[in-house]
Amino acid sequence: MTTAALSDVHPLLRDFLSRRVHQLLIDGQSVGAQSGKTFATPNPATGETLAVVAEADAADVDRAVAAARRALEGPWSKLSPAERERVLHKAADLLEARAEAFAQLESLDNGKPIRESKNADLPLAVGLLRYFAGWPTKIHGETTPVSVPYYPGAKFLHYTVREPVGVVGAIIPWNFPLLMAIERLAPALACGNAVILKPAEQTPLSALWLGELLLEAGVPAGVVNVVPGYGPTAGAAIARHMGIDKVTFTGSTEVGREVLKASAGNMKRVTMELGGKSPNIVFADADLDAAAKGIFTGIFYNQGQCCSAGSRVFIERPVYEKMLGALADRSKTVKLGNPLDPKTHMGPVVSDEQRKRVLSYIESGRKDGAQLLSGGAAAPGPGYFVSPTVFGAVKDEMTIAREEIFGPVVAVMPFDSVDEVVARANGTDYGLVSAVWTKDVKRAHQMAQKIKAGTVWINCYHFVDAAAPWGGVKQSGYGREKGAYALENYTALKSVWVDLN
Ligand code: ADP
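Residues numbered from 1 in each chain as written. Predicted model: local features only at pLDDT ≥ 70, side-chain atom pairs only at ≥ 80, totals over all residues. Heavy atoms only, no water.

When you look at the pattern of salt bridges in this model, what are you seeing that I'm missing?
Between side chains of opposite charge, pairing is possible as soon as their charged atoms come close. Under the definition given, this model contains 25 salt bridges. We note a salt bridge from Arg355 to Asp352, for which the minimum N-O separation is 3.4 Å. Here Arg355 pairs with Asp352, and both are found in helix H13 (residues 352-367), just three residues apart, close to one helical turn. For Arg355, a relative accessible area of 17% gives the class buried. Classification of Asp352 by relative accessible area gives partly exposed; the value is 27%. Linked through salt bridges whose partners overlap, the residues forming this network are Glu183, Arg184, Glu481 and Lys482. (Salt bridge = Lys/Arg side-chain N within 4 Å of Asp/Glu carboxyl O. Helix = DSSP H or I, 4+ residues; strand = E, 2+ residues; numbered from the N terminus. Buried < 20%, exposed > 50% of the residue type's maximum accessible area, 1.4 Å probe, protein only.)

Here it is in C-alpha coordinates:
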(Lines give C-alpha, C1' and ligand atoms only; values in the text may rest on other atoms or scores of the structure.)
Protein backbone atom coordinates (compact mmCIF):
# COMPACT_ATOMS: atom_id res chain seq x y z
CA MET A 1 0.00 0.00 0.00
CA THR A 2 1.29 3.44 -0.83
CA THR A 3 0.98 6.08 1.83
CA ALA A 4 1.35 9.82 1.56
CA ALA A 5 4.19 11.60 3.26
CA LEU A 6 3.21 13.84 6.17
CA SER A 7 4.52 16.75 4.13
CA ASP A 8 1.31 16.45 2.07
CA VAL A 9 -0.99 17.24 4.98
CA HIS A 10 -2.54 20.58 5.91
CA PRO A 11 0.06 22.97 7.46
CA LEU A 12 -1.97 23.29 10.69
CA LEU A 13 -1.98 19.52 11.04
CA ARG A 14 1.71 19.22 10.22
CA ASP A 15 2.35 21.69 13.01
CA PHE A 16 0.16 19.73 15.44
CA LEU A 17 1.80 16.43 14.55
CA SER A 18 5.29 17.86 14.95
CA ARG A 19 4.85 18.01 18.75
CA ARG A 20 7.23 15.70 20.53
CA VAL A 21 4.59 14.52 23.00
CA HIS A 22 0.86 15.22 22.84
CA GLN A 23 0.03 16.14 26.40
CA LEU A 24 -3.16 15.70 28.40
CA LEU A 25 -5.52 18.67 28.51
CA ILE A 26 -6.39 19.43 32.13
CA ASP A 27 -7.65 22.75 33.53
CA GLY A 28 -6.94 24.44 30.21
CA GLN A 29 -3.27 23.40 30.28
CA SER A 30 -1.26 20.87 28.29
CA VAL A 31 0.29 18.71 30.98
CA GLY A 32 2.24 15.46 31.16
CA ALA A 33 0.81 12.43 32.92
CA GLN A 34 1.73 12.36 36.61
CA SER A 35 3.34 8.98 36.07
CA GLY A 36 5.42 10.45 33.23
CA LYS A 37 4.21 7.62 31.01
CA THR A 38 3.50 7.97 27.30
CA PHE A 39 2.21 5.66 24.58
CA ALA A 40 2.48 5.62 20.79
CA THR A 41 -0.49 5.86 18.47
CA PRO A 42 0.31 4.24 15.11
CA ASN A 43 -0.81 5.19 11.64
CA PRO A 44 -2.80 2.05 10.78
CA ALA A 45 -2.02 2.44 7.07
CA THR A 46 1.70 1.95 7.69
CA GLY A 47 2.08 0.59 11.21
CA GLU A 48 4.51 3.43 11.93
CA THR A 49 4.18 5.68 14.96
CA LEU A 50 2.06 8.71 14.13
CA ALA A 51 2.42 10.45 17.49
CA VAL A 52 3.44 9.96 21.10
CA VAL A 53 0.78 10.74 23.68
CA ALA A 54 0.84 11.24 27.45
CA GLU A 55 -0.84 8.29 29.17
CA ALA A 56 -3.38 9.30 31.79
CA ASP A 57 -4.29 7.08 34.72
CA ALA A 58 -6.28 7.44 37.93
CA ALA A 59 -4.11 10.26 39.32
CA ASP A 60 -4.67 12.36 36.21
CA VAL A 61 -8.39 11.66 36.26
CA ASP A 62 -8.41 12.95 39.87
CA ARG A 63 -6.73 16.14 38.72
CA ALA A 64 -9.18 16.53 35.85
CA VAL A 65 -12.19 16.01 38.12
CA ALA A 66 -10.92 18.63 40.58
CA ALA A 67 -10.44 21.10 37.70
CA ALA A 68 -13.91 20.33 36.35
CA ARG A 69 -15.48 20.91 39.78
CA ARG A 70 -13.74 24.28 40.09
CA ALA A 71 -14.81 25.26 36.59
CA LEU A 72 -18.41 24.34 37.36
CA GLU A 73 -18.46 26.56 40.43
CA GLY A 74 -16.59 29.30 38.62
CA PRO A 75 -16.77 30.94 35.23
CA TRP A 76 -18.79 28.30 33.40
CA SER A 77 -21.91 28.61 35.54
CA LYS A 78 -21.66 32.40 35.32
CA LEU A 79 -22.01 32.45 31.53
CA SER A 80 -25.58 33.20 30.45
CA PRO A 81 -27.31 30.67 28.18
CA ALA A 82 -26.93 33.12 25.28
CA GLU A 83 -23.19 33.35 25.94
CA ARG A 84 -22.94 29.56 26.04
CA GLU A 85 -24.63 29.45 22.65
CA ARG A 86 -22.13 31.93 21.24
CA VAL A 87 -19.21 29.85 22.49
CA LEU A 88 -20.59 26.67 20.89
CA HIS A 89 -21.31 28.46 17.60
CA LYS A 90 -17.77 29.82 17.65
CA ALA A 91 -16.47 26.28 18.14
CA ALA A 92 -18.54 25.12 15.16
CA ASP A 93 -17.13 27.96 13.04
CA LEU A 94 -13.55 27.10 14.04
CA LEU A 95 -14.05 23.43 13.32
CA GLU A 96 -15.61 24.18 9.96
CA ALA A 97 -12.69 26.41 9.04
CA ARG A 98 -10.25 23.61 9.98
CA ALA A 99 -12.34 20.76 8.57
CA GLU A 100 -9.70 19.72 6.05
CA ALA A 101 -7.00 19.40 8.70
CA PHE A 102 -9.27 17.55 11.16
CA ALA A 103 -10.47 15.20 8.39
CA GLN A 104 -6.86 14.34 7.56
CA LEU A 105 -6.09 13.73 11.22
CA GLU A 106 -9.05 11.36 11.54
CA SER A 107 -7.86 9.45 8.47
CA LEU A 108 -4.28 9.28 9.72
CA ASP A 109 -5.11 8.13 13.25
CA ASN A 110 -8.07 5.86 12.47
CA GLY A 111 -7.38 4.76 8.88
CA LYS A 112 -10.76 5.80 7.50
CA PRO A 113 -10.71 7.03 3.89
CA ILE A 114 -10.55 10.79 3.49
CA ARG A 115 -13.71 10.80 1.38
CA GLU A 116 -15.58 9.57 4.46
CA SER A 117 -13.88 11.75 7.04
CA LYS A 118 -14.23 14.83 4.84
CA ASN A 119 -17.76 14.25 3.56
CA ALA A 120 -19.34 12.67 6.63
CA ASP A 121 -17.40 12.84 9.91
CA LEU A 122 -16.53 16.53 9.71
CA PRO A 123 -19.85 17.92 8.41
CA LEU A 124 -21.70 15.77 10.96
CA ALA A 125 -19.42 17.00 13.75
CA VAL A 126 -19.94 20.64 12.80
CA GLY A 127 -23.68 19.97 12.48
CA LEU A 128 -23.81 18.50 15.99
CA LEU A 129 -22.06 21.53 17.45
CA ARG A 130 -24.46 23.89 15.67
CA TYR A 131 -27.54 21.87 16.61
CA PHE A 132 -26.65 21.82 20.30
CA ALA A 133 -25.42 25.44 20.18
CA GLY A 134 -29.08 26.34 19.64
CA TRP A 135 -30.29 24.65 22.83
CA PRO A 136 -28.97 26.61 25.86
CA THR A 137 -31.61 29.38 25.51
CA LYS A 138 -34.37 26.82 25.03
CA ILE A 139 -33.78 24.46 27.95
CA HIS A 140 -36.38 25.33 30.54
CA GLY A 141 -38.62 23.92 33.23
CA GLU A 142 -42.40 24.13 33.53
CA THR A 143 -45.04 25.20 35.99
CA THR A 144 -47.20 22.41 37.37
CA PRO A 145 -50.84 22.67 38.56
CA VAL A 146 -50.39 20.94 41.96
CA SER A 147 -53.15 19.90 44.39
CA VAL A 148 -52.45 18.96 48.01
CA PRO A 149 -55.25 16.73 49.42
CA TYR A 150 -54.20 17.12 53.06
CA TYR A 151 -54.27 20.94 52.82
CA PRO A 152 -57.63 21.74 51.15
CA GLY A 153 -57.87 25.08 49.40
CA ALA A 154 -54.18 25.79 49.79
CA LYS A 155 -52.34 27.50 46.97
CA PHE A 156 -48.83 26.71 45.83
CA LEU A 157 -46.67 27.69 42.94
CA HIS A 158 -44.79 24.69 41.67
CA TYR A 159 -42.19 24.83 38.96
CA THR A 160 -39.34 22.76 37.62
CA VAL A 161 -35.82 23.83 36.70
CA ARG A 162 -33.39 21.94 34.49
CA GLU A 163 -29.92 22.08 35.99
CA PRO A 164 -26.64 20.65 34.73
CA VAL A 165 -25.90 17.16 36.05
CA GLY A 166 -22.40 18.30 37.03
CA VAL A 167 -19.22 16.54 35.96
CA VAL A 168 -19.70 14.17 33.04
CA GLY A 169 -17.27 11.37 32.23
CA ALA A 170 -17.25 10.41 28.55
CA ILE A 171 -15.56 7.17 27.51
CA ILE A 172 -15.55 6.78 23.75
CA PRO A 173 -14.31 4.30 21.14
CA TRP A 174 -11.99 4.61 18.16
CA ASN A 175 -14.32 4.15 15.17
CA PHE A 176 -15.49 7.78 14.90
CA PRO A 177 -13.05 9.54 17.22
CA LEU A 178 -14.03 13.17 16.60
CA LEU A 179 -17.71 12.56 16.01
CA MET A 180 -18.07 10.52 19.21
CA ALA A 181 -16.26 13.21 21.19
CA ILE A 182 -18.54 15.94 19.85
CA GLU A 183 -21.66 13.83 20.21
CA ARG A 184 -20.94 13.78 23.96
CA LEU A 185 -19.39 17.22 24.42
CA ALA A 186 -21.94 19.27 22.48
CA PRO A 187 -25.04 18.33 24.53
CA ALA A 188 -23.08 18.17 27.80
CA LEU A 189 -21.75 21.70 27.30
CA ALA A 190 -25.07 23.05 25.97
CA CYS A 191 -26.61 21.94 29.29
CA GLY A 192 -23.82 23.62 31.30
CA ASN A 193 -21.84 20.58 32.48
CA ALA A 194 -18.08 20.05 32.69
CA VAL A 195 -16.56 17.01 30.99
CA ILE A 196 -13.72 14.53 31.44
CA LEU A 197 -13.28 12.97 28.02
CA LYS A 198 -11.31 9.77 27.54
CA PRO A 199 -10.73 9.01 23.91
CA ALA A 200 -9.83 5.47 22.88
CA GLU A 201 -6.13 4.65 23.18
CA GLN A 202 -6.03 3.82 19.46
CA THR A 203 -7.23 7.29 18.38
CA PRO A 204 -6.47 9.99 20.97
CA LEU A 205 -5.37 12.83 18.70
CA SER A 206 -8.48 14.55 17.37
CA ALA A 207 -10.03 14.75 20.85
CA LEU A 208 -6.92 16.52 22.16
CA TRP A 209 -6.94 18.94 19.24
CA LEU A 210 -10.66 19.52 19.70
CA GLY A 211 -10.09 20.32 23.38
CA GLU A 212 -7.70 23.08 22.37
CA LEU A 213 -10.18 24.39 19.79
CA LEU A 214 -12.89 24.58 22.45
CA LEU A 215 -10.62 26.66 24.69
CA GLU A 216 -9.99 28.97 21.76
CA ALA A 217 -13.74 29.25 21.20
CA GLY A 218 -14.14 30.53 24.76
CA VAL A 219 -14.94 27.41 26.79
CA PRO A 220 -13.36 28.26 30.16
CA ALA A 221 -10.37 26.25 31.41
CA GLY A 222 -11.35 23.07 33.25
CA VAL A 223 -14.74 22.69 31.54
CA VAL A 224 -13.36 20.22 29.01
CA ASN A 225 -10.52 17.94 30.10
CA VAL A 226 -9.11 15.33 27.75
CA VAL A 227 -7.30 12.35 29.28
CA PRO A 228 -6.11 9.77 26.76
CA GLY A 229 -5.15 6.46 28.32
CA TYR A 230 -6.07 2.82 28.53
CA GLY A 231 -9.45 1.41 29.48
CA PRO A 232 -8.57 -0.56 32.62
CA THR A 233 -6.66 2.43 34.06
CA ALA A 234 -7.97 5.83 32.88
CA GLY A 235 -11.36 4.48 31.74
CA ALA A 236 -12.01 2.49 34.91
CA ALA A 237 -10.95 5.49 37.04
CA ILE A 238 -13.68 7.55 35.37
CA ALA A 239 -16.30 4.82 35.77
CA ARG A 240 -15.72 4.50 39.53
CA HIS A 241 -14.89 8.12 40.36
CA MET A 242 -16.95 9.50 43.24
CA GLY A 243 -16.62 13.03 41.88
CA ILE A 244 -18.16 12.23 38.51
CA ASP A 245 -21.95 12.55 38.33
CA LYS A 246 -22.68 10.90 35.02
CA VAL A 247 -20.94 8.58 32.62
CA THR A 248 -21.67 8.27 28.95
CA PHE A 249 -20.05 5.15 27.55
CA THR A 250 -19.77 3.96 23.96
CA GLY A 251 -17.98 0.72 23.24
CA SER A 252 -18.38 -3.02 23.55
CA THR A 253 -21.20 -4.59 25.55
CA GLU A 254 -18.63 -6.48 27.59
CA VAL A 255 -16.81 -3.32 28.75
CA GLY A 256 -20.14 -1.52 29.13
CA ARG A 257 -21.10 -4.08 31.76
CA GLU A 258 -17.85 -3.36 33.67
CA VAL A 259 -18.47 0.39 33.49
CA LEU A 260 -22.00 -0.08 34.77
CA LYS A 261 -20.79 -2.11 37.75
CA ALA A 262 -18.08 0.43 38.57
CA SER A 263 -20.55 3.29 38.37
CA ALA A 264 -22.61 1.87 41.23
CA GLY A 265 -20.27 3.33 43.88
CA ASN A 266 -21.81 6.79 43.76
CA MET A 267 -24.93 5.86 41.76
CA LYS A 268 -23.78 7.96 38.87
CA ARG A 269 -26.16 8.26 35.97
CA VAL A 270 -25.15 6.12 33.01
CA THR A 271 -26.01 5.99 29.34
CA MET A 272 -24.67 3.19 27.19
CA GLU A 273 -24.25 2.89 23.46
CA LEU A 274 -22.96 -0.62 22.87
CA GLY A 275 -22.52 -3.24 20.20
CA GLY A 276 -24.75 -4.48 17.44
CA LYS A 277 -25.33 -7.30 14.97
CA SER A 278 -27.80 -5.46 12.87
CA PRO A 279 -30.18 -7.04 10.36
CA ASN A 280 -30.43 -5.56 6.87
CA ILE A 281 -33.52 -7.16 5.27
CA VAL A 282 -34.18 -7.14 1.53
CA PHE A 283 -37.56 -8.19 0.14
CA ALA A 284 -37.79 -9.35 -3.48
CA ASP A 285 -40.03 -6.39 -4.43
CA ALA A 286 -37.42 -3.81 -3.34
CA ASP A 287 -35.56 -1.44 -5.64
CA LEU A 288 -32.74 -3.95 -5.91
CA ASP A 289 -30.10 -1.50 -7.14
CA ALA A 290 -30.74 0.76 -4.17
CA ALA A 291 -30.77 -2.25 -1.84
CA ALA A 292 -27.46 -3.50 -3.28
CA LYS A 293 -25.87 -0.13 -2.53
CA GLY A 294 -27.44 -0.13 0.92
CA ILE A 295 -26.08 -3.58 1.74
CA PHE A 296 -22.63 -2.58 0.55
CA THR A 297 -22.48 0.71 2.44
CA GLY A 298 -24.23 -0.83 5.40
CA ILE A 299 -21.39 -3.25 6.01
CA PHE A 300 -18.27 -1.77 4.42
CA TYR A 301 -18.58 1.87 5.49
CA ASN A 302 -15.70 2.74 7.84
CA GLN A 303 -14.19 -0.71 7.13
CA GLY A 304 -17.19 -2.26 8.86
CA GLN A 305 -16.14 -0.66 12.13
CA CYS A 306 -19.55 0.75 12.99
CA CYS A 307 -21.67 -0.34 15.94
CA SER A 308 -24.50 0.07 13.42
CA ALA A 309 -22.92 -2.07 10.67
CA GLY A 310 -25.48 -4.08 8.71
CA SER A 311 -23.56 -7.27 9.38
CA ARG A 312 -26.44 -9.75 8.96
CA VAL A 313 -28.03 -9.46 5.55
CA PHE A 314 -31.30 -11.35 4.99
CA ILE A 315 -32.37 -11.60 1.34
CA GLU A 316 -35.72 -13.01 0.21
CA ARG A 317 -35.08 -16.28 -1.60
CA PRO A 318 -36.21 -15.35 -5.17
CA VAL A 319 -33.50 -12.65 -5.39
CA TYR A 320 -30.95 -14.19 -3.00
CA GLU A 321 -28.47 -15.61 -5.55
CA LYS A 322 -28.58 -12.52 -7.74
CA MET A 323 -28.07 -10.07 -4.85
CA LEU A 324 -25.35 -12.17 -3.25
CA GLY A 325 -23.44 -12.40 -6.54
CA ALA A 326 -23.75 -8.65 -7.11
CA LEU A 327 -22.45 -7.93 -3.60
CA ALA A 328 -19.48 -10.24 -4.01
CA ASP A 329 -18.63 -8.78 -7.44
CA ARG A 330 -18.85 -5.24 -6.18
CA SER A 331 -16.69 -5.95 -3.16
CA LYS A 332 -13.95 -7.22 -5.50
CA THR A 333 -13.76 -3.76 -7.10
CA VAL A 334 -13.07 -1.97 -3.81
CA LYS A 335 -9.91 0.12 -3.89
CA LEU A 336 -8.04 -0.45 -0.65
CA GLY A 337 -5.23 1.99 -0.01
CA ASN A 338 -3.83 5.15 1.46
CA PRO A 339 -6.63 6.74 3.51
CA LEU A 340 -5.50 10.22 2.46
CA ASP A 341 -6.01 9.45 -1.24
CA PRO A 342 -9.45 10.71 -2.35
CA LYS A 343 -9.76 7.71 -4.68
CA THR A 344 -9.43 5.18 -1.84
CA HIS A 345 -12.68 3.36 -1.00
CA MET A 346 -11.46 1.53 2.07
CA GLY A 347 -8.54 2.05 4.41
CA PRO A 348 -7.00 -0.29 6.98
CA VAL A 349 -8.77 -1.42 10.12
CA VAL A 350 -7.69 0.51 13.17
CA SER A 351 -4.97 -1.72 14.63
CA ASP A 352 -3.02 -4.90 14.28
CA GLU A 353 -5.04 -6.37 17.15
CA GLN A 354 -8.28 -5.53 15.34
CA ARG A 355 -6.99 -7.06 12.12
CA LYS A 356 -6.13 -10.29 13.96
CA ARG A 357 -9.58 -10.32 15.54
CA VAL A 358 -11.33 -9.83 12.20
CA LEU A 359 -9.18 -12.51 10.51
CA SER A 360 -10.00 -14.97 13.27
CA TYR A 361 -13.72 -14.41 12.63
CA ILE A 362 -13.13 -15.01 8.91
CA GLU A 363 -11.39 -18.25 9.82
CA SER A 364 -14.33 -19.29 12.00
CA GLY A 365 -16.75 -18.59 9.11
CA ARG A 366 -14.67 -20.83 6.86
CA LYS A 367 -14.47 -23.60 9.45
CA ASP A 368 -18.21 -23.44 10.12
CA GLY A 369 -18.85 -24.06 6.42
CA ALA A 370 -20.08 -20.65 5.26
CA GLN A 371 -19.52 -19.92 1.57
CA LEU A 372 -16.66 -17.45 1.09
CA LEU A 373 -17.42 -15.39 -2.01
CA SER A 374 -14.90 -12.57 -1.81
CA GLY A 375 -12.05 -11.29 0.36
CA GLY A 376 -11.23 -13.49 3.29
CA ALA A 377 -7.68 -12.35 3.90
CA ALA A 378 -5.41 -9.56 5.03
CA ALA A 379 -4.37 -7.44 2.04
CA PRO A 380 -0.61 -7.48 1.34
CA GLY A 381 1.75 -4.71 2.36
CA PRO A 382 2.37 -2.80 5.56
CA GLY A 383 -0.62 -1.52 7.48
CA TYR A 384 -3.63 -3.31 8.84
CA PHE A 385 -5.68 -3.91 5.69
CA VAL A 386 -8.40 -6.54 5.40
CA SER A 387 -10.15 -7.22 2.08
CA PRO A 388 -13.92 -6.76 2.08
CA THR A 389 -15.29 -10.21 2.82
CA VAL A 390 -18.64 -11.67 1.80
CA PHE A 391 -19.93 -14.94 3.24
CA GLY A 392 -23.03 -16.55 1.76
CA ALA A 393 -25.10 -19.51 2.99
CA VAL A 394 -24.51 -18.45 6.57
CA LYS A 395 -26.53 -20.18 9.29
CA ASP A 396 -27.96 -18.26 12.26
CA GLU A 397 -26.02 -20.35 14.75
CA MET A 398 -22.59 -19.67 13.19
CA THR A 399 -20.29 -17.38 15.17
CA ILE A 400 -20.09 -14.92 12.24
CA ALA A 401 -23.88 -14.53 12.41
CA ARG A 402 -23.97 -14.05 16.18
CA GLU A 403 -20.95 -12.04 17.32
CA GLU A 404 -20.04 -8.48 16.49
CA ILE A 405 -16.99 -8.63 14.21
CA PHE A 406 -16.42 -4.89 13.83
CA GLY A 407 -14.70 -5.31 10.49
CA PRO A 408 -15.45 -5.67 6.76
CA VAL A 409 -17.16 -9.05 6.99
CA VAL A 410 -20.78 -9.68 6.07
CA ALA A 411 -22.98 -12.73 6.69
CA VAL A 412 -25.62 -13.16 3.98
CA MET A 413 -28.61 -15.47 4.40
CA PRO A 414 -31.78 -16.27 2.44
CA PHE A 415 -35.28 -16.11 3.98
CA ASP A 416 -38.75 -17.21 2.91
CA SER A 417 -41.37 -15.37 4.97
CA VAL A 418 -42.03 -12.25 7.02
CA ASP A 419 -42.56 -14.13 10.29
CA GLU A 420 -39.39 -16.14 9.76
CA VAL A 421 -37.21 -13.12 9.02
CA VAL A 422 -38.62 -11.11 11.92
CA ALA A 423 -37.86 -13.95 14.34
CA ARG A 424 -34.36 -14.39 12.97
CA ALA A 425 -33.63 -10.64 12.84
CA ASN A 426 -34.72 -10.32 16.48
CA GLY A 427 -32.94 -13.50 17.54
CA THR A 428 -29.92 -11.68 18.92
CA ASP A 429 -28.93 -10.06 22.20
CA TYR A 430 -28.40 -6.81 20.35
CA GLY A 431 -30.89 -4.20 19.12
CA LEU A 432 -29.15 -1.11 17.83
CA VAL A 433 -30.30 -0.57 14.23
CA SER A 434 -32.00 -2.41 11.38
CA ALA A 435 -33.07 -1.81 7.79
CA VAL A 436 -35.87 -3.00 5.55
CA TRP A 437 -35.92 -2.76 1.76
CA THR A 438 -39.35 -3.04 0.11
CA LYS A 439 -41.70 -1.00 -2.08
CA ASP A 440 -44.69 -2.20 -0.07
CA VAL A 441 -45.47 0.66 2.33
CA LYS A 442 -47.67 -1.41 4.60
CA ARG A 443 -45.07 -4.13 4.95
CA ALA A 444 -42.33 -1.58 5.58
CA HIS A 445 -44.22 -0.11 8.53
CA GLN A 446 -45.27 -3.51 9.83
CA MET A 447 -41.61 -4.48 9.87
CA ALA A 448 -40.69 -1.19 11.58
CA GLN A 449 -43.11 -2.14 14.37
CA LYS A 450 -41.92 -5.71 14.70
CA ILE A 451 -38.17 -5.24 14.72
CA LYS A 452 -36.58 -4.73 18.11
CA ALA A 453 -34.02 -2.00 17.51
CA GLY A 454 -33.36 1.64 18.39
CA THR A 455 -33.45 2.66 14.71
CA VAL A 456 -35.23 1.26 11.67
CA TRP A 457 -34.12 2.52 8.27
CA ILE A 458 -36.62 1.98 5.45
CA ASN A 459 -35.07 1.85 1.99
CA CYS A 460 -31.90 3.50 3.26
CA TYR A 461 -28.96 2.76 5.55
CA HIS A 462 -26.50 4.68 7.77
CA PHE A 463 -28.46 7.92 7.84
CA VAL A 464 -27.87 9.99 10.97
CA ASP A 465 -28.53 13.55 11.99
CA ALA A 466 -27.89 15.70 15.06
CA ALA A 467 -31.65 16.02 15.59
CA ALA A 468 -32.51 12.31 15.33
CA PRO A 469 -32.19 10.28 18.56
CA TRP A 470 -29.66 7.46 18.55
CA GLY A 471 -29.32 4.47 20.83
CA GLY A 472 -30.24 0.85 21.31
CA VAL A 473 -32.49 -1.64 23.04
CA LYS A 474 -31.56 -4.96 24.67
CA GLN A 475 -27.77 -5.33 25.09
CA SER A 476 -27.06 -2.54 22.60
CA GLY A 477 -27.54 -0.17 25.51
CA TYR A 478 -29.97 2.45 26.78
CA GLY A 479 -30.43 6.17 26.76
CA ARG A 480 -30.52 8.21 23.60
CA GLU A 481 -27.75 10.44 22.31
CA LYS A 482 -28.46 13.28 19.87
CA GLY A 483 -31.68 15.19 19.39
CA ALA A 484 -33.67 16.83 22.17
CA TYR A 485 -33.60 13.47 23.97
CA ALA A 486 -29.92 13.92 24.76
CA LEU A 487 -30.81 16.85 27.00
CA GLU A 488 -32.41 14.41 29.42
CA ASN A 489 -29.02 12.77 29.88
CA TYR A 490 -27.22 15.96 30.73
CA THR A 491 -29.75 17.78 32.96
CA ALA A 492 -31.26 17.05 36.35
CA LEU A 493 -34.83 18.16 36.98
CA LYS A 494 -35.39 20.12 40.17
CA SER A 495 -38.85 20.50 41.70
CA VAL A 496 -39.56 23.83 43.48
CA TRP A 497 -42.57 24.47 45.77
CA VAL A 498 -43.59 27.96 46.86
CA ASP A 499 -46.21 28.38 49.59
CA LEU A 500 -48.69 31.09 48.45
CA ASN A 501 -51.01 30.85 51.46
P1 ADP B 1 -13.80 -1.53 21.25
O2 ADP B 1 -14.14 -2.97 21.24
O3 ADP B 1 -14.54 -0.69 20.28
O4 ADP B 1 -12.32 -1.23 21.32
P5 ADP B 1 -14.03 -1.12 24.04
O6 ADP B 1 -15.30 -1.35 24.74
O7 ADP B 1 -12.90 -2.06 24.27
O8 ADP B 1 -14.44 -1.01 22.54
O9 ADP B 1 -13.47 0.33 24.31
C10 ADP B 1 -14.28 1.50 24.27
C11 ADP B 1 -13.71 2.49 25.25
O12 ADP B 1 -13.78 1.95 26.56
C13 ADP B 1 -12.25 2.87 25.01
O14 ADP B 1 -12.07 4.24 25.31
C15 ADP B 1 -11.53 1.99 26.03
O16 ADP B 1 -10.27 2.50 26.42
C17 ADP B 1 -12.51 2.01 27.19
N18 ADP B 1 -12.38 0.90 28.13
C19 ADP B 1 -11.89 -0.34 27.90
N20 ADP B 1 -11.91 -1.08 29.04
C21 ADP B 1 -12.43 -0.29 30.01
C22 ADP B 1 -12.74 -0.47 31.40
N23 ADP B 1 -12.50 -1.61 32.02
N24 ADP B 1 -13.29 0.57 32.07
C25 ADP B 1 -13.57 1.73 31.45
N26 ADP B 1 -13.30 1.97 30.16
C27 ADP B 1 -12.75 0.98 29.43
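Picking up where we left off.
I keep staring at the site of the ligand and nothing clicks. Help me out?
Near the ligand, the surroundings consist of 16 residues, among which Ile172, Trp174, Lys198, Glu201 and Ser252 are the closest. Separating an oxygen atom of the ligand from a side-chain N or O atom of Lys198 is a distance of 2.8 Å. Against a free-state accessible area of 560 Å², the protein chains account for coverage of 81% of the ligand. Taking a 2 Å distance to the grid points as the criterion, the majority of the atoms of the ligand fall inside the largest pocket. Within the residue set of the shell around the ligand, elements represented by two or more residues are helix H9 (231-240), strand E9 (246-250) and helix H10 (253-262). (Near = heavy atom within 4 Å. Polar contact = N/O pair within 3.5 Å; in protein donor to acceptor, adjacent residues only side chain to side chain. Areas by Shrake-Rupley, 256 points an atom, 1.4 Å probe, with all protein chains shown as cover. 1 Å grid on protein atoms, 1.4 Å probe; cavity = no way out; pocket = protein on both sides within 12 Å on 5 of 7 lines; lining within 4 Å. Sits in = over half its atoms within 2 Å of the grid points.)

What exactly am I supposed to notice about the layout of surface pockets here?
To find the voids left in a structure, one rolls a probe of water-molecule size over its atoms. The volume enclosed by the largest pocket comes to roughly 1,200 Å³. Gly251, Ser252, Thr253, Glu254 and Val255 are, among the 49 residues lining the largest pocket, the residues nearest its centre. Looking at the lining of the largest pocket, the elements that each hand over two or more residues are H9, E9, H10, H13 and helix H14 (399-402). Per element, the largest residue contribution to the lining of the largest pocket is seven residues, and it comes from H10. Among the domains, domain 1 (3-274 + 478-495) and domain 2 (279-466) are the pair contributing at least three residues each to the lining of the largest pocket. Empty space within the second largest pocket amounts to approximately 810 Å³. What lines the second largest pocket is a set of 35 residues, and nearest its centre among them are Glu116, Ala120, Phe176, Tyr301 and His462. Elements with a contribution of two residues or more to the lining of the second largest pocket: helix H6 (114-133), helix H7 (177-190) and helix H11 (288-300). Examining the composition of the lining of the second largest pocket, we find that nine residues originate from one element, H6, more than from any other. (Points joined across faces, edges and corners; volume = space filled by probe spheres on them. Domains from an automatic or database assignment.)

How should the sheet that holds strand E17 (residues 455-458) be read in this particular structure?
Strands belonging to one sheet form pairs held by backbone hydrogen bonds; the direction of such a pair is parallel or antiparallel. Reading across the sheet, the seven strands line up as E13-E14-E15-E12-E11-E16-E17 and stay open at both edges, with mixed pairing between neighbours. Strands at the two margins of the open sheet, each flanked by one partner only, are strand E13 (371-374) and E17. Averaged over all neighbouring strand pairs, the angle between strand axes comes to 20°, with direction disregarded. Two strands pair when backbone bridges link them, and strand E16 (residues 433-437) and E17 are joined in this way by four bridges, in the parallel orientation. Bridge pairing links Ala435 to Trp457 in E17. Against the sheet, helix H15 (residues 418-426) touches strand E11 (279-282), strand E12 (312-316) and strand E15 (409-415), its axis set at about 150° to E15. (Pairing = 2+ DSSP bridges. Axes fitted to C-alpha atoms, helices over the stretch in contact; angles between N-to-C directions. Contact = heavy atoms within 4.5 Å.)

Teacher, can you tell me more about a nonpolar patch on the surface here?
Among the surface-exposed residues, Leu157, Tyr159 and Leu500 lie close enough to one another that they form a single nonpolar patch of about 250 Å² accessible area. Checked against the element boundaries, Tyr159 lands in strand E5 (residues 156-164). (Patch = residues over 30% accessible without salt bridge, like charges linked within 9 Å, V, L, I, M, F, W, Y side chains within 5 Å.)

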